[in-house]
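Here is how the chains run, residue by residue.
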Amino acid sequence: MKVHTQSFSTLYIKVLTVSLISCRKKHPSTLYTCDVCQKNFPLRCKLLDHQRIHTGEKPYCCEQCGKAFAVKCRLSTHIRGVHKQLRPHQCDKCNVSCLQMSSLRIHMRTHTGEKPFSCVVCGKKFARKFDCKKHQKNVCGSDAEPLTSKTADATAAAAIV
């Protein structure tokens, strides 16, 4: 007898991913464009979520505290982190725990010293994109997107060719 150890949510995500890949194969060039900022999305539902940035609509409301969100998954994250105080991602170097894996990855940079974001003007390096953007705007007077180690590598490779 085979025992299944996957949780329902993990299995659901895998099925959803396979379904999405299948759909994208049938309609590979279909993109939905925001009329306000011209940003493109592969799924209509993602465009609708995005458009709430422009309208300010926040239809998903927390029943416990009343805080409203534009996207349903942000409400779920809020409930898990604020009301249930779940922090499943634990740092193996210190006692910090995070709600999301992406937050733990950013935290780990404090231990590794990694600074993947660089100011496009002066080259100063930062661990967090937000800090780099703030520096560029306030110190160097630029609104450009910060360089990451990946974009810097691609720029250097393009210069060689």
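Our subject is the structure listed above.
First things first, this report covers the structure right here in the doc.

The rules behind the values
Every chain is numbered independently, its residues counted from 1 as its sequence is written. Local features in this predicted model are restricted to residues whose pLDDT is 70 or higher, and side-chain atom pairs enter the listing and the counts only when it is 80 or higher, whereas totals over whole chains, interfaces and linings include all residues. For the side-chain quantities, the full set of heavy atoms in the structure was used; hydrogens and water were omitted. In DSSP terms, a helix is any run of H or I states spanning at least four residues, a strand is any run of E spanning at least two, and both are numbered starting from the N terminus. Buried means the residue's accessible area, taken with a 1.4 Å probe over protein chains only, is under 20% of the maximum for its type, while exposed means over 50%, and partly exposed covers the values in between. By the convention used here, residues are in contact when the closest approach between their heavy atoms is within 4.5 Å. By convention in these notes, a salt bridge is any Lys or Arg side-chain nitrogen within 4 Å of a carboxyl oxygen on Asp or Glu. A pair of strands is treated as paired once DSSP finds two or more bridges between them.

1. Regarding the overall build of the protein
Phase 1 of the analysis: Assigned secondary structure in the protein consists of six helices and nine strands.
Phase 2 of the analysis: Split into buried and exposed, the 161 residues of the protein put 17% on the buried side.
Phase 3 of the analysis: In the protein, 7% of the contacts between residues at least 6 apart in sequence involve partners at least 24 apart.

2. Concerning the pattern of salt bridges
Phase 1 of the analysis: As enumerated under the stated definition, the model contains six salt bridges in all.
Phase 2 of the analysis: When the shortest N-O distance is used, the salt bridge between K129 and E145 registers 3.0 Å. Of this pair, K129 sits in helix α5 (residues 129-140) while E145 sits in the loop between α5 and β9 (147-148), and the two are 16 residues apart along the sequence.
Phase 3 of the analysis: For K129, a relative accessible area of 37% gives the class partly exposed.
Phase 4 of the analysis: Classification of E145 by relative accessible area gives partly exposed; the value is 45%.
Phase 5 of the analysis: Linking E145 and K133 is a salt bridge whose minimum nitrogen-to-oxygen distance equals 3.0 Å. Of this pair, E145 sits in the loop between α5 and β9 while K133 sits in helix α5; the two residues are 12 residues apart in sequence, bridging distant segments of the chain.
Phase 6 of the analysis: A single network of salt bridges, built from pairs that share partners, joins D49, R52 and E57.

3. Here we look at the environment of K133
Phase 1 of the analysis: Taking the relative accessible area as the measure of exposure, K133 reaches 35% and is therefore partly exposed.
Phase 2 of the analysis: As a C-alpha pair, K133 and F117 span 16 residues in sequence and 9.1 Å in three-dimensional space.
Phase 3 of the analysis: Residue contacts for K133: discarding those within four places in its chain leaves E145 and P146.

4. Topic: the sheet that holds strand β7 (residues 117-118)
Phase 1 of the analysis: Read across the sheet, three strands follow the order β8-β7-β9 without closing on themselves; strand pairing throughout is antiparallel. The sheet terminates laterally at β8 (125-126) and β9, the two strands that pair on one side only.
Phase 2 of the analysis: Pairing of β7 with β9, which is carried by two bridges, proceeds in the antiparallel orientation. If you follow S118 over to β9, its bridge partner there is L147.

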